[in-house]
Protein chains: 4
Amino acid sequence: MIRVPAEPVGPFSDAWRRCVGTGRAELALRRDFQDSLRIVQREIGFDLIRGHGLFSDGMGVVRPYDQAGLRGVQHNFTYLDQVIDAYLEAGIRPFLELGFMPEELASGTQTVFWWKGNITPPRSHQDWADLVRATLTHLVDRHGLDEVRTWPIEVWNEPNLDIFWQDADEKAYHHLYEVTAHAVKEVDASLQVGGPAISPGADEWLPRFTEFTDRHDVPLDFVSRHAYTSGPAQRVPFSSYQTLAPASGLLDQFATPRRQLQGTRYAGLPVHITEFNSSYCPDNLIHDTAFNAAYLAPVLAHGGELADSFSYWTFSDMFEEAGVPTALFHGGFGLLTHRQIRKPTFHLYAFLSRTGPDLLALGDHHLVTRHPDGRVTALAWAPVDPTGETPGPDRHEVHLSIPLAGTEAFVRRSTVDETHGNAYTAWRAMGSPRSPKQGQLDMLHEASQPSRTHDRLPLADGRADLRLTLARNEITLVELSPVVDESFAWWDETRLLGRDPR
Amino acid sequence: MIRVPAEPVGPFSDAWRRCVGTGRAELALRRDFQDSLRIVQREIGFDLIRGHGLFSDGMGVVRPYDQAGLRGVQHNFTYLDQVIDAYLEAGIRPFLELGFMPEELASGTQTVFWWKGNITPPRSHQDWADLVRATLTHLVDRHGLDEVRTWPIEVWNEPNLDIFWQDADEKAYHHLYEVTAHAVKEVDASLQVGGPAISPGADEWLPRFTEFTDRHDVPLDFVSRHAYTSGPAQRVPFSSYQTLAPASGLLDQFATPRRQLQGTRYAGLPVHITEFNSSYCPDNLIHDTAFNAAYLAPVLAHGGELADSFSYWTFSDMFEEAGVPTALFHGGFGLLTHRQIRKPTFHLYAFLSRTGPDLLALGDHHLVTRHPDGRVTALAWAPVDPTGETPGPDRHEVHLSIPLAGTEAFVRRSTVDETHGNAYTAWRAMGSPRSPKQGQLDMLHEASQPSRTHDRLPLADGRADLRLTLARNEITLVELSPVVDESFAWWDETRLLGRDPR
Amino acid sequence: MIRVPAEPVGPFSDAWRRCVGTGRAELALRRDFQDSLRIVQREIGFDLIRGHGLFSDGMGVVRPYDQAGLRGVQHNFTYLDQVIDAYLEAGIRPFLELGFMPEELASGTQTVFWWKGNITPPRSHQDWADLVRATLTHLVDRHGLDEVRTWPIEVWNEPNLDIFWQDADEKAYHHLYEVTAHAVKEVDASLQVGGPAISPGADEWLPRFTEFTDRHDVPLDFVSRHAYTSGPAQRVPFSSYQTLAPASGLLDQFATPRRQLQGTRYAGLPVHITEFNSSYCPDNLIHDTAFNAAYLAPVLAHGGELADSFSYWTFSDMFEEAGVPTALFHGGFGLLTHRQIRKPTFHLYAFLSRTGPDLLALGDHHLVTRHPDGRVTALAWAPVDPTGETPGPDRHEVHLSIPLAGTEAFVRRSTVDETHGNAYTAWRAMGSPRSPKQGQLDMLHEASQPSRTHDRLPLADGRADLRLTLARNEITLVELSPVVDESFAWWDETRLLGRDPR
Amino acid sequence: MIRVPAEPVGPFSDAWRRCVGTGRAELALRRDFQDSLRIVQREIGFDLIRGHGLFSDGMGVVRPYDQAGLRGVQHNFTYLDQVIDAYLEAGIRPFLELGFMPEELASGTQTVFWWKGNITPPRSHQDWADLVRATLTHLVDRHGLDEVRTWPIEVWNEPNLDIFWQDADEKAYHHLYEVTAHAVKEVDASLQVGGPAISPGADEWLPRFTEFTDRHDVPLDFVSRHAYTSGPAQRVPFSSYQTLAPASGLLDQFATPRRQLQGTRYAGLPVHITEFNSSYCPDNLIHDTAFNAAYLAPVLAHGGELADSFSYWTFSDMFEEAGVPTALFHGGFGLLTHRQIRKPTFHLYAFLSRTGPDLLALGDHHLVTRHPDGRVTALAWAPVDPTGETPGPDRHEVHLSIPLAGTEAFVRRSTVDETHGNAYTAWRAMGSPRSPKQGQLDMLHEASQPSRTHDRLPLADGRADLRLTLARNEITLVELSPVVDESFAWWDETRLLGRDPR
């Protein structure tokens, strides 16, 4: 039995809610995207949202013209404004990622993704800087400096990979960063700019990057990188299978930047993990499972000790890097599928959103917090086997002694596992309908709801004795609050069918 | 094992959805009422709604004046129009009950209920007839005759009880009916009028009533009565306890009018049970329980064989006959509490709304139907002990062999019992908060959802073998549909974590 | 021509938006009420809402019981919570008026209004104090002290009139106030309590009231009174006609409390005019007219100089003091009719809500303000003849020289007068349909919109020359902003139909 | 004066509402699109919607794969279902246009539009036929045959233009049509298929097409063509200027198919004008003007005499053929701009949606209809000068004698012209803000509302004398209804301010 202390050991960081990922910018124009974002914001509530493609051609920001003897480039914010307005209306702010390259400004034709983001350097860094300045100037004019100052601005995405940045040319990235950071600061010195947004496996880029910014006195307000634990993709049509390293590998990646910056002038700088997930493939069905939630639970619980934000990649399956999805469940990154079906990892976040600011205990499989009004939450998760050799244990016991005021506790337990709060397994049982009909969608929405139980426990010495048995891949949230009994004194359930009073 | 026939034994009547009851007319102006009605209509979908008080003073229909030498009575439809508009917008039509007596027209001062409905005959039957004519003329003008012709018009409520009709004066009721029926038909002969809307325990009123209409050639388009099975109220503050007769007693009451009309000129007339429930008390907590749902399940399943409609009294706890409710759960008649918490009996109706038009089997504890598209639903319910001597069996087996096309069935089971889909028991565990806070309401909404399980069953010889174990007071809906497997052939769940393909 | 100064002469007080009136408390349960309140809050945005009947029986706060040998009084907040929740959801806070007397606590049977508010003193001041304490304790528990502390608490309504307080017994009121104020402060000393909520014509009550509180050291955090300018009602059925004093009479009444408190220990106390309007009759058609808006315009413009709030009585025609309204337009107090038709006075408030915080000029018929972003608003109103001897001038000129940055002004003018933004006159033309059909309501909604014109004016020396001609009973809002021209340089309207370029 | 007959001369065809155009299929996923469609359906109410790109790659219908030794093409309806669901939810049905060519099936690389629709024939007509069959089979499975049977199916778009069909190869189109029509009928013989969807200027294609279908016995259920009156585009950056032929040219084009089919076996076939507008350029500002509405008014009034449908191209500016729009008003085809600002032509349609089914008179500048309930509508429009030589007359008189029941008429007039109901001119005055801020959008929404006047006219001999003066480019709708006066007899407006009664 774990005896949870009655006094907080410190605050519980809510870095987990700082940021979430999204598919490319113009997807924000879609209704399904906006419907999903509203649900995510209502039931979880992230602060920031980050995705690619702000300057890609679908956004129409750079509009060249050559007509009637008139020739030039027009900066055009029709869609950018619609995208940002959609974010703000949903109660979330942009974490701006500047990229990819508008065709008009590009030095080459290489693209990434089904939707063809151009990943080559600018032909003219001057034109690029003009674009950056014009965009930020417009945003400041439209939304005010006080607002835009709260939007971190990241330069490019994973320049260490040649699929994202031509030849993974590090020197060229440093140059792009330099030009961009100066352009940002010309709009206003208080705007926050950072990089290098590297993928896992390129840790050495960060020290070289900060050496560069240090040596050339280039503005740098935060550093960023990504974290994934999956191995190489084993491709089948429309899907990938991958091995996964243990979840601690994610925390190791979260921890790297602070360790690397230690002892430099950048030691205190915010560290943003601007993407993370188990698998980096947008078609790995692991994303849709309860396993994914149980696997990530300790990462979300501990991540705030290591980084200022870590952004789940992504909130919605409305995402087209590998083309239009071929089935409702297709291994997309989303917390939600198209049509807003909640996945187990959605519930992991929703459970976290019910935790309190005071940390009472954090262990290998439990996280106990308290709210100012005295409510206590205990999140527990089953151990998983990421090797895939076993299905994971089918029972796991967590036994907690929880401090609580009063004489009785109202105890609500919410469960997500292989058969509860699990629309994916219901969908498989249903026959995996690729584009379900309305009646099927209704059932999947219902299937996606966690199971709930409600109980009343006596307290002894201000403590509840909580014995939890977790099923395979279960995450469970237990909420305890002191009972204030407002029943009328004369109510007597034994009389409900008219029997004589006791 | 019950072998359900592969071919329908007939249609399954949807008389259960014909009508539902409501508190007095002006409550329809309330937002809580309208929010509840929308949920009921979306998830159940009744055709008609019936309640008291159309002419009571809160509706302001009769407005006397005496000013500046001008004197008279103005008929005023400000609220009536708002009420009917609210019904129609929610997709439900009024079953008009003409009553009670506007103070201005009343011959006496006797009232019923906290809200003081005057239950005395009109001082002048001429003035009453004017009111009836003016009201119906107005409704026809506003909504069209084709519409109003579908609204049954019932004269008064339970005239056989002296709390509802002064002295329970039968002759006076006959006179009122005669005057009213003629007034209705003067507006248009196709309008549908009926009565006598009697309470249980006054069966003899119906033959005397039809003798009267027959003898005097008074229009009569339908007959109506009420049905309840509860004994005398044992009062405690704000609550009543009562004994209940077996549920079959309700079916007996439903059956009486047709039996009584047999052989008369009225033999074919529609029979409307314009109110029914277990208890007639608006403060009997039995209404909030799973017991109530299991108790009424056979009544709803069989009722359509006996009457053209039977109207659950009532859809919402927004109801004030005994005053303003003192607690969220207070034994109100509603399918929904204030603030739209679904009760077990709500789910009984919601389960029925998922049945199909073809009846395959109807037994003591099961109802099996089929939809035109081949889906099959099986509703089952636990036996209950209405004596209250025992809590009812804690396990009940139902074993069905269900015919279904294809080779596999997708099987979804939805459960409501003492701990699932049961906000009342969660609320009790919570401490019975009389006016819950938002966070508590959210939990109660979640607690009110039925539990759902999803499975895939092999079919043998076109049949699924369905073994259901029901818990105490459980009602359960099983939905079976043929599996059409759309999985990609190459999907292999064993590879999810990157293991080599089988 | 009036040359409006380029620099502010001070702030423009928004005391006009501090508070608005409402019909009795339980009307807030109605959907029409809530729909109206949302519109008012979205388009105007008041801080507080005040009305009668918090403790009247329709709210069910005091529930006596006497059953099964149990006897007592239960305080019951089912509806109170629904009412306050509805306010807060709409973004408005209650200005609590404690009254009238629950029947159970009343010493007599005298009532006021169609809905029968009991206006007699408590039988037991102890029971009354218990009720006050229980209510405020409950509210603080539910909403938090920080919230409830912002809700002023007023004791009773117009005790100087014998229709509102038995015998208009001043000493009895002082006693009630004393008991109540102490009960409030026992819950928390920071709660704000005040009175005496007197009607016009009883100015002498205020000094006697403050003498009393001073002498007995009774808590007093604000003083309150009402203001109306109408003479005696000339009654016809369902309507009243009245003479009106000039609008300056309202300002005189607003000014009285501060003048009376001058030199006393209460000199700095907030002064709340907790009701005002032209006529105090809920059935005087003057409320529905453009005259009312033009008449009140100077009152709203100047009122903030004299009092901390002045609360228009009331925001909605959902109001039943004289019974259920007999026609859509019936002279109700509302800014909105039933079904949310905006009246001219609604637009007066909506126009004010577009003014800026900096006052540039305030004259007899104009109010000019500026926003921090440089936009300027000019509100102008026609002079009216409150004697009714003339219809008022049919043209009135206002000529303003308005300071503005830039070289051109975008000028939008919004007009409400006898034929624009005037659903009442459209309704009269339509035949005064008492309960309009949907198609008529749609037309009335459209008729209620102010007319709008749009123009572009050159600026000379940083000034726009604004010549306004106002029609009879017109209120007009002119909004000026500097033009930033973003047209493409090559656009040429003369080529729209393909003619050769100039 | 025109004496409008008291009896209908026939029905007024509502062919104008049969169909409306839209940008490419996947734009229907956008929220702005769906918001606009809802407004259009609520205020106008079209039956069908037609646009390009059903099979273009953005829809992801054809998904080739080649992985792990598995190779093939998957038909994928994820987005198609979302698009059609969005239509049906909005209450509109698809007019399916089959095209353009999925890259995977294309024989060449030639594309049209910014969004790159491939316009080459299929490499394999067998694969194309498979796609057509799979798609329709899926739609019938999802929506039912009764539903899909009401969706006309058109083969390709403007094959007579080499920008839409490689080499404008007529024989290749005939072949494509033949293969497609047979594929459609294989799914179900009752599905409706047609073509050839030709642009103006290719009238000779239709007889050759029907000769082909006749000779080869190819199914043909309707014929279709397009109609525009604009001359060659004079391009400036992001805009085009064009001459326009008189509006009668559109009616001539509408009339051609029926004339061409006369005397053939296809004489009775439905004729659908599947696109029409003044200009065919998506960046001609004429679309945003009052001129466009006045120009098209007679076309909409008379078009139903000549064709079974004529589909305005298009309902929304959410349209990307020429790239992402560079300004809110940019000459897009839409009835609505982005963000739902109504253009004058929107109001032309909205006015028509208020006409009645009985035609009383149709002249050069007026259309008078009657509703079954007796209401009469008169639509009038100013003459325009399409040469652009003059701005058009600034006054135009229409004098009508209108038959109406009763003794008085309630007359509402709604006006759209250069300064009323004209957000475009307000936007120009505002400085043409390319991406307006919220406050500007609010003003533009208000500016887009028609002006309304309300009057009461005496009737003489059952006729109202209606003298209308129309301003430049005005369209005006006058709605007349008999006054039923429900004023209280004792109301006296002269007493409003308390003067003695007359």
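Residues numbered from 1 in each chain as written. Chains lettered and ligands numbered in written order. Predicted model: local features only at pLDDT ≥ 70, side-chain atom pairs only at ≥ 80, totals over all residues. Heavy atoms only, no water.

Naming follows an unreviewed UniProt entry, where chain A appears as Xylan 1,4-beta-xylosidase of Streptomyces roseirectus. Of chain A, the UniProt comment under Sequence similarities (unreviewed entry) reads exactly: "Belongs to the glycosyl hydrolase 39 family." (UniProt positions renumbered as here; feature names shortened; annotations may be inferred.)

Observations regarding the overall build of chain A
Within chain A, the secondary structure is distributed over eleven helices and 25 strands. Taken against the 2.2 N^0.38 rule, which gives 23 Å for 502 residues, the C-alpha radius of gyration of chain A at 25 Å falls within 12% of a compact globule. The burial tally for chain A puts 65% of its 502 residues in the buried class. By sequence separation, contacts in chain A at least 24 residues apart represent 74% of the contacts at least 6 residues apart. Surface exposure of chain A reaches about 16,700 Å², of which carbon and sulfur atoms provide 49%. (Helix = DSSP H or I, 4+ residues; strand = E, 2+ residues; numbered from the N terminus. Rg over C-alpha atoms; globule rule 2.2 N^0.38 Å. Buried < 20%, exposed > 50% of the residue type's maximum accessible area, 1.4 Å probe, protein only. Contact = heavy atoms within 4.5 Å. Areas by Shrake-Rupley, 256 points an atom, 1.4 Å probe, with all protein chains shown as cover.)

Regarding the environment of Pro 200 of chain A
Residues and elements named next belong to chain A. One can find Pro 200 in the loop between strand 12 (193–198) and helix 6 (205–215). For Pro 200, a relative accessible area of 26% puts it in the partly exposed group. Taking the C-alpha atoms as reference points, Pro 200 and Glu 158, 42 residues apart in sequence, are found 9.0 Å from one another. Non-local contacts of Pro 200, meaning those with residues more than four positions away in its chain, are made with Asn 160, Arg 225, His 226, Ala 227, Tyr 228 and Gln 253.

Re the packing of helix 7 (residues 248–261) of chain D against helix 8 (residues 290–303) of chain D
All names here are of chain D. Helix 8 packs onto helix 7 with a crossing angle of 30 degrees between their chain directions and a minimal axis gap of 9 Å. Taken together, helix 7 and helix 8 sit at an angle that is classed as roughly parallel. Crossing angle aside, the handedness with which helix 7 passes helix 8 is right-handed. Between helix 7 and helix 8, the contacting residues are Leu 250, Leu 251 and Phe 254 on the first element and Tyr 295, Leu 296, Pro 298, Val 299, His 302 and Gly 303 on the second. Residues that form the contact of helix 7 with helix 8 fall into these classes: seven nonpolar, two polar and no charged. (Axes fitted to C-alpha atoms, helices over the stretch in contact; angles between N-to-C directions. Parallel < 35°, antiparallel > 145°, perpendicular 65-115°, else oblique. Left-handed = near helix turned anticlockwise from the far one by under 90°. Nonpolar A, V, L, I, M, F, W, Y, C, P; charged D, E, K, R; others polar.)

Let's talk about the sheet that holds strand 23 (residues 451–458) of chain B
All names here are of chain B. Overall, antiparallel pairing links the seven strands, which are arranged 2-18-19-20-25-22-23 in an open sheet. The sheet is open, and its two borders are formed by strand 2 (10–11) and strand 23, each paired with just one other strand. With eight bridges connecting them, strand 22 (residues 408–416) and strand 23 associate as antiparallel partners. Its bridge partner lying in strand 23, Glu 408 is registered against Pro 458. Across the sheet, helix 8 (residues 290–303) touches strand 18 (358–362), strand 19 (366–370), strand 20 (376–381) and strand 25 (475–482), and the angle it forms with strand 20 is around 135 degrees. (Pairing = 2+ DSSP bridges.)

Side note on the pairing of strand 13 (residues 222–228) of chain B
A regular strand places its side chains on the two faces of the sheet in alternate fashion. Residues and elements named next belong to chain B. Counting buried positions over the seven residues of strand 13 gives seven, a clear majority of the element. Along strand 13, one buried face is formed by Phe 222, Ser 224, His 226 and Tyr 228 and the opposite face, lined by Val 223, Arg 225 and Ala 227, is buried too. Bridge analysis of strand 12 (residues 193–198) against strand 13 gives four bridges, and the strand direction is parallel. Directly across from Pro 196, in strand 13, lies its bridge partner Ser 224. Considered for its hand, the β-α-β crossover made up of strand 12, helix 6 (residues 205–215) and strand 13 is right-handed. (Right-handed = clockwise from strand over helix to strand, strands pointing away.)

With respect to helix 6 (residues 205–216) of chain C
All names here are of chain C. Taking 1.5 Å of rise per residue, twelve residues should cover 16 Å, and helix 6 covers 16 Å from first to last C-alpha, within 8% of that figure. Listed as buried for helix 6 are Trp 205, Leu 206, Phe 209, Thr 210, Phe 212 and Thr 213. The buried residues of helix 6 occupy an angular sector of 155 degrees when projected down its axis, which confines them to one face. Phi turns positive, to about 55 degrees, at Asp 217, one or two residues after helix 6. (Expected span 1.5 Å × (residues − 1). Arc of directions from axis to C-beta.)

Concerning the relation of the copies chain D and chain B
Screw-axis analysis of chain D against chain B gives a translation of 0.1 Å along the axis, an RMSD of 0.0 Å, and a rotation angle of 180 degrees. Both chain copies can therefore be described as sitting about a two-fold axis. Looking at chain D, 100% of its interface residues are interface residues in chain B too, so the copies touch through the same face. (Least-squares fit on C-alpha atoms with pLDDT ≥ 70 in both.)

Things to note about the side chain of Asn 157 of chain D
All names here are of chain D. Along the chain, Asn 157 turns up in the loop between strand 11 (153–155) and helix 5 (170–187). Polar contacts involving the side chain of Asn 157 include one to the side chain of Arg 50, which spans 2.8 Å. Setting aside residues no more than four positions away along its own chain, Asn 157 makes contact with Arg 50, His 52, Glu 97, Phe 100, Phe 164, Ala 197, His 226 and Glu 275. (Polar contact = N/O pair within 3.5 Å; in protein donor to acceptor, adjacent residues only side chain to side chain.)

Quick word on the domain arrangement of chain A
Residue and element names in this part refer to chain A. What the domain assignment lists for chain A is domain 1 (3–7 + 358–482) and domain 2 (13–352). Computed from C-alpha coordinates alone, the two centres of domain 1 and domain 2 are separated by 31 Å. Taken together, the contacts link 33 residues of domain 1 with 29 residues of domain 2. Interface area for domain 1 against domain 2, summed over the two sides, is near 2,500 Å², with a carbon-plus-sulfur share of 74%. Looking only at domain 1, the three residues that lose the most surface to domain 2 are Pro 386, Tyr 424 and Ile 475, adding up to 23% of its buried area. Summed over the shared surface of domain 1 and domain 2, the result is zero salt bridges. In this assembly, domain 1 and domain 2 are joined by five residue pairs in polar contact (both at pLDDT 80 or more). Going through the elements one at a time, strand 20 (376–381), strand 22 (408–416), helix 10 (423–430), helix 11 (438–447) and strand 25 (475–482) are the ones with two or more residues in the side of domain 1 that touches domain 2. (Domains from an automatic or database assignment. Buried area = accessible area lost by both parts, 1.4 Å probe. Salt bridge = Lys/Arg side-chain N within 4 Å of Asp/Glu carboxyl O.)

Focus: the pattern of salt bridges
Following the criterion strictly, the structure yields 167 salt bridges over all chains and no others. Of the charged contacts, one joins Arg 142 of chain D and Asp 81 of chain D as a salt bridge, the two residues approaching to 3.3 Å between their closest N and O atoms. Taken together, the residues Arg 142 of chain D in helix 3 (residues 125–143) and Asp 81 of chain D in helix 2 (residues 78–89) connect sequence positions 61 residues apart. Both residues of the pair, Arg 142 of chain D and Asp 81 of chain D, belong to the buried class. Ionic pairing is found between Arg 265 of chain D and Asp 217 of chain D, a salt bridge with its closest N-O pair at 3.9 Å. Of this pair, Arg 265 of chain D sits in the loop between helix 7 and strand 16 (271–277) while Asp 217 of chain D is found in the loop between helix 6 (205–215) and strand 13 (222–228), placing the two residues 48 residues apart along the sequence. Of the two residues, Arg 265 of chain D and Asp 217 of chain D, neither departs from the other in class, the shared state being exposed. Residues participating in the shared-partner salt-bridge network are Arg 354, Arg 412, Arg 452 and Glu 479 of chain A together with Glu 446 of chain B.

With respect to the packing of helix 8 of chain B against helix 9 (residues 344–352) of chain B
Residues and elements named next belong to chain B. Relative orientation of the contacting elements helix 8 and helix 9 amounts to 35 degrees, with a least axis distance of 8 Å. The chirality of how helix 8 crosses helix 9 is right-handed. Residues Ala 290, Asn 292, Ala 293, Leu 296, Ala 297 and Leu 300 of helix 8 form the contact with helix 9, whose participating residues are Pro 344, Thr 345, Leu 348, Tyr 349 and Leu 352. Here the contact of helix 8 with helix 9 is built from residues that sort into nine nonpolar, two polar and no charged.

Digging into the UniProt feature "active site" (unreviewed entry) in chain A
The UniProt entry lists Glu 158 of chain A under the feature "active site" (unreviewed entry), expressed in the numbering used here. In this structure, Glu 158 of chain A sits in the loop between strand 11 (153–155) and helix 5 (170–187).

A word on the interface of chain D and chain B
Accessible area lost when the parts come together is the quantity often used to give the size of an interface. At the interface, five residues of chain D touch five residues of chain B. Buried surface at the junction of chain D and chain B, both sides included, amounts to about 430 Å², of which 86% is carbon and sulfur. Summed over the shared surface of chain D and chain B, the result is zero salt bridges. Classifying every residue of the side of chain D that touches chain B gives four nonpolar, one polar and no charged.

Quick word on a negative patch on the surface
All names here are of chain C. Residues Asp 57, Glu 103, Glu 104 and Asp 127 make up a contiguous surface patch of negative charge. Among the secondary structure elements, Glu 103 is positioned in the loop between strand 8 (96–98) and strand 9 (111–112). Note on Glu 103: relative accessible area 54%, which makes it exposed. (Patch = residues over 30% accessible without salt bridge, like charges linked within 9 Å, V, L, I, M, F, W, Y side chains within 5 Å. Lys, Arg positive; Asp, Glu negative; His and termini not counted. Charge placed at Lys NZ, Arg CZ, Asp CG, Glu CD.)

Section: the sheet that holds strand 24 (residues 463–470) of chain C
Residues and elements named next belong to chain C. Taking strand neighbours across the sheet as the criterion, the three strands line up as 1-21-24 in an open arrangement whose pairing is mixed. For this open sheet the edge positions go to strand 1 (2–3) and strand 24, each flanked by a neighbour on one side alone. When strand 21 (residues 396–403) meets strand 24, the two strands line up antiparallel, connected through eight bridges. Across the sheet, Val 398 pairs through a bridge with Leu 468, a residue of strand 24.

Quick word on unusual backbone geometry
In this model, Gly 99 of chain B is joined to Phe 100 of chain B through a cis peptide bond whose omega is -10 degrees. Its place among the elements puts Phe 100 of chain B in the loop between strand 8 (96–98) and strand 9 (111–112). Here Ser 432 of chain A, not a glycine, exhibits a phi torsion of approximately 55 degrees, which is positive. Counting through the fold element by element, Ser 432 of chain A comes out in the loop between helix 10 and helix 11. If you check the backbone angles, Asp 461 of chain A has positive phi at about 55 degrees while not being a glycine. For Asp 461 of chain A, the position within the fold is in the loop between strand 23 (451–458) and strand 24 (463–470). Judged by its relative accessible area of 78%, Asp 461 of chain A is exposed.

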